[in-house]
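Each chain, letter by letter, is given below.
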Amino acid sequence: MRALPDSRRALPHSGIREVVNEALRRPGCIRLEVGEPNFATPEHIVQAAYEAARQGATKYTATAGLLSLREAICAKLRAVNGITANVEQINVSAGGVNGIAAALTALLERGDEALIPDPAWPNYAMQAEIAGATVVRYPLQPQRGFQPDPGDIEPLITPRTKALVINSPCNPTGAVFSRETVAALLDLAQRHDLYLVADECYDQLVYEGAHISPAALCLDERIISCFTFSKTYAMTGWRVGYVVAAAPLADVITRILEANVSCAAMPAQRAAEAALLGPQQCVEEMAAAYDSRRRRVCAYLSAHGLLGYVPQGAFYVMVDVSRSGMKARDFAFGLLRQHGVAVAPGTAFGSSDSAQRHVRVSLASAQSDLDEGLARLHRYVMEHSATPAGSA
Ligand code: PLP
């Protein structure tokens, strides 16, 4: 049998999935490793999909998505993100992951380099590599509040650099980039003629500061903005996201989606439309719950000397487990096997020193799970710690 390409065989599993798979083999363990809202999809959204399916919304749609959904997306982009876009610029995708992958596939080919943050959601690097590009990591430093610094990025740019991927609100750090940071990144992309791929999947989960969309600052054909319904509306399983790009690029993205998925599921698109057109109180309530968990968890972690960084958005917190003397991956698997708590190792997101010191905990898990899971995590740190406990 012919060998698979080396580059495909070398594709690593996402370091989060590794923990998920182990957690699934341990029924009853506390799950703090994935960004899975513990809320049900709001009832009016489920109901709209049910009624739509009953009325025959069970077919293929246009690859770019239902026109009515794309119109609703344009209105949302204007009202929430300050982005002016028309329906030709929108591609509805099967979740944010599919939209981001289609965008990177549209931009990248063998020989290109893609600038990807360290730490970052693991899928960007996997997708860029599948597209044949070389991944170049740029650092997000804890001492700078994990805000990217163009001064760190610029020396990494070569004539082959094609795309700069940014993510705010950020998974895993929870950083929300300031207006100055976003403007500086946009300026960098413009000066070096790079595509700026902005992953804005957590745009409506911000607790401190405000989310700034690069496309709201300036109309530039280099900007690609990626969104999802998964996080804002607790719709992870419905698989609906969208990508906003200049019309010629949007058309290429449509053709890539055509090759890969044909279209997002029609009942799910109708659910997404109901999400945008219906009451938004559910979004506020869920965001308020994540914020309340964030405050309680940060207070607990800070009292025990475990707080890595206070997140301003998204729904994750980085927990500093360095006092255990263990590396992040060993810590995560040890905690799961010995104390039944699943967390994501920092090494799933990058390879810096900071990645080795931290594990990521999801605030999308129930408060009771967070309380018990973090108490066990603290105990595990103490069992392995050579130094005395934090101040509490
Ligand atoms: N971008 C980031 C940073 C994420 O964390 C996720 C999911 O966890 C996604 C995009 C894609 O989410 P989905 O494919 O569920 O829409």
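The structure we're discussing is the one just above.
The rules behind these values
- Residues numbered from 1 in each chain as written.
- Predicted model: local features only at pLDDT ≥ 70, side-chain atom pairs only at ≥ 80, totals over all residues.
- Heavy atoms only, no water.
- 1 Å grid on protein atoms, 1.4 Å probe; cavity = no way out; pocket = protein on both sides within 12 Å on 5 of 7 lines; lining within 4 Å.
- Points joined across faces, edges and corners; volume = space filled by probe spheres on them.
- Nonpolar A, V, L, I, M, F, W, Y, C, P; charged D, E, K, R; others polar.
- Pairing = 2+ DSSP bridges.
- Helix = DSSP H or I, 4+ residues; strand = E, 2+ residues; numbered from the N terminus.
- Contact = heavy atoms within 4.5 Å.
- Axes fitted to C-alpha atoms, helices over the stretch in contact; angles between N-to-C directions.
- Core = buried A, V, L, I, M, F, W, Y, C linked by side-chain atoms within 4.5 Å.
- Buried < 20%, exposed > 50% of the residue type's maximum accessible area, 1.4 Å probe, protein only.
- Salt bridge = Lys/Arg side-chain N within 4 Å of Asp/Glu carboxyl O.
- Phe/Tyr/Trp six-rings, centres within 6.5 Å; stacked < 30°, edge-to-face > 60°.
- Disulfide = S-S within 2.5 Å.
- Near = heavy atom within 4 Å.
- Polar contact = N/O pair within 3.5 Å; in protein donor to acceptor, adjacent residues only side chain to side chain.
- Areas by Shrake-Rupley, 256 points an atom, 1.4 Å probe, with all protein chains shown as cover.
- Sits in = over half its atoms within 2 Å of the grid points.

A.B. asks: Would you explain the layout of surface pockets in this entry?
C.D. replies: By rolling a water-sized probe across the atoms, one finds the places where empty space is left. Estimates place the volume of the largest pocket at around 620 Å³. In terms of residue class, the lining of the largest pocket is made up of twelve nonpolar, nine polar and seven charged.

A.B. asks: Could you clarify how one ought to interpret the sheet that holds strand S10 (residues 316-320) in this entry?
C.D. replies: Hydrogen bonds between backbone groups are what pair the strands of a sheet, and the pairing can be parallel or antiparallel. Taken in spatial order, the four strands of this open sheet run S9-S10-S13-S12, and their pairing is antiparallel. Only two strands of the sheet have a single neighbouring strand rather than two, namely strand S9 (307-309) and strand S12 (344-345). Where S10 meets strand S13 (residues 358-362), five bridges bridge the pair, whose relative direction is antiparallel. In the strand pairing of S13, Val319 is matched with Val359. Across the sheet, helix H12 (residues 281-303) lies against S9 and S10, angled at about 5° from S10, the strand it touches most.

A.B. asks: Is there a simple way to think about the nonpolar core in this case?
C.D. replies: In a soluble, globular protein the nonpolar side chains are often hidden away together inside. Within the largest apolar cluster, 118 residues are counted, with the highest numbers of intra-cluster contacts made by Leu164, Phe229 and Leu377. Examining the composition of this core, we find that eight residues originate from one element, H12, more than from any other. Those residues within four positions of Leu164 in sequence are excluded, and the remaining contacts are Leu115, Tyr138, Ile153, Leu185, Leu188, Leu194, Tyr195, Leu196 and Val197. Among the nonpolar cores identified, the runner-up in size contains six residues, and Ala23, Cys29, Phe333 and Ala342 belong to it.

A.B. asks: Is there a simple way to explain the pairing of S13 in this structure?
C.D. replies: Here is the key point about a regular strand: its side chains alternate between the two faces of the sheet. Of all the five residues making up S13, five are buried; the element is thus mostly covered by neighbouring parts of the structure. Both faces of S13 are covered, namely the face carrying His358, Arg360 and Ser362 and the face carrying Val359 and Val361.

A.B. asks: Where do I start with the pattern of salt bridges in this structure?
C.D. replies: Should their charged atoms come close, side chains of opposite charge can pair. A complete count under the given rule lists 21 salt bridges for this structure. For Asp251, the salt bridge goes to Arg255, with nearest N and O atoms at 2.9 Å. Pair noted here: Asp251 and Arg255 are both in helix H10 (residues 247-260), with a separation of four residues, about one helical turn. Through salt bridges with shared partners, one network takes in Glu22, Arg25, Arg26 and Arg337.

A.B. asks: Could you clarify how one ought to interpret the packing of aromatic side chains in this entry?
C.D. replies: We describe a pair of aromatic rings using the distance from one ring centre to the other and the angle between the two ring planes. Per the counting criterion, the structure on display carries eleven aromatic pairs. Centroid distance Tyr202 to Phe315: 5.4 Å. Interplanar angle 85°. Geometry classified as edge-to-face. Of this pair, Tyr202 sits in the loop between strand S6 (195-199) and helix H9 (214-217) while Phe315 sits in the loop between S9 and S10; the two residues are 113 residues apart in sequence, bridging distant segments of the chain. Phe315 carries the same exposure label as Tyr202, and that label is buried. In textbook terms, an aromatic cluster arises when at least three aromatic residues are bridged by ring pairs, as seen for Phe39, Tyr202, Tyr290, Phe315 and Tyr316.

A.B. asks: Looking at this model, I keep getting lost on the sheet that holds S6. Mind explaining?
C.D. replies: Taken in spatial order, the seven strands line up as S2-S8-S7-S6-S5-S3-S4 in an open sheet, and their pairing is mixed. Looking at strand neighbours, the two that pair on one side only are strand S2 (90-93) and strand S4 (134-139), the edges of this open sheet. Strand-to-strand twist of the sheet, defined as the mean angle between neighbouring strand axes without regard to direction, takes the value 20°. Sheet topology note: the strand S3 (residues 113-118)/strand S5 (residues 161-167) ladder contains three bridges and is parallel.

A.B. asks: Explain the state of the cysteines here, please?
C.D. replies: Simply put, disulfide is the name for a covalent bond between the sulfur atoms of two cysteines. If you walk through the whole model with that rule in mind, you get zero disulfides. There is no disulfide at Cys170, and the cysteine sulfur nearest it, in Cys201, is 12 Å away. The closest cysteine sulfur to the non-disulfide-bonded Cys218 is located on Cys226, 17 Å from its own sulfur. On the basis of relative accessible area, Cys218 is assigned to the partly exposed category, the value being 25%.

A.B. asks: Looking at this model, I keep getting lost on unusual backbone geometry. Mind explaining?
C.D. replies: Working note: non-glycine residues mostly have negative phi, and peptide bonds are mostly trans. Following Asp118, the chain continues into Pro119 via a peptide bond in cis, with omega recorded as 10°. Residue Pro172 is reached from Asn171 by a cis peptide bond, and omega for that bond is 15°. Checked against the element boundaries, Pro172 lands in the loop between S5 and helix H8 (179-191). For Ala234, which is not glycine, the phi dihedral falls at a positive 50°. With a phi angle near 70°, Ser262 is a residue other than glycine that sits in the positive phi range. On the secondary structure map, Ser262 appears in the loop between H10 and helix H11 (266-277). For Ser262, a relative accessible area of 32% puts it in the partly exposed group.

A.B. asks: What is the right way to read the site of the ligand from this model?
C.D. replies: Near the ligand you find 15 residues, and of these Gly96, Asn171, Asp199, Tyr202 and Thr228 are the closest. A distance of 2.5 Å separates a nitrogen atom of the ligand from a polar side-chain atom of Asp199. A distance of 2.8 Å is found between an oxygen atom of the ligand and a side-chain nitrogen or oxygen belonging to Arg239. Across the complex, the protein chains shield 92% of the 390 Å² of accessible surface that the ligand would expose by itself. The pocket occupied by the ligand, as judged from atoms lying within 2 Å of grid points, is the largest pocket. The leading source of residues in the shell around the ligand is helix H5 (residues 95-107), at four residues. Of the residues that constitute the shell around the ligand, the class distribution is six nonpolar, six polar and three charged.

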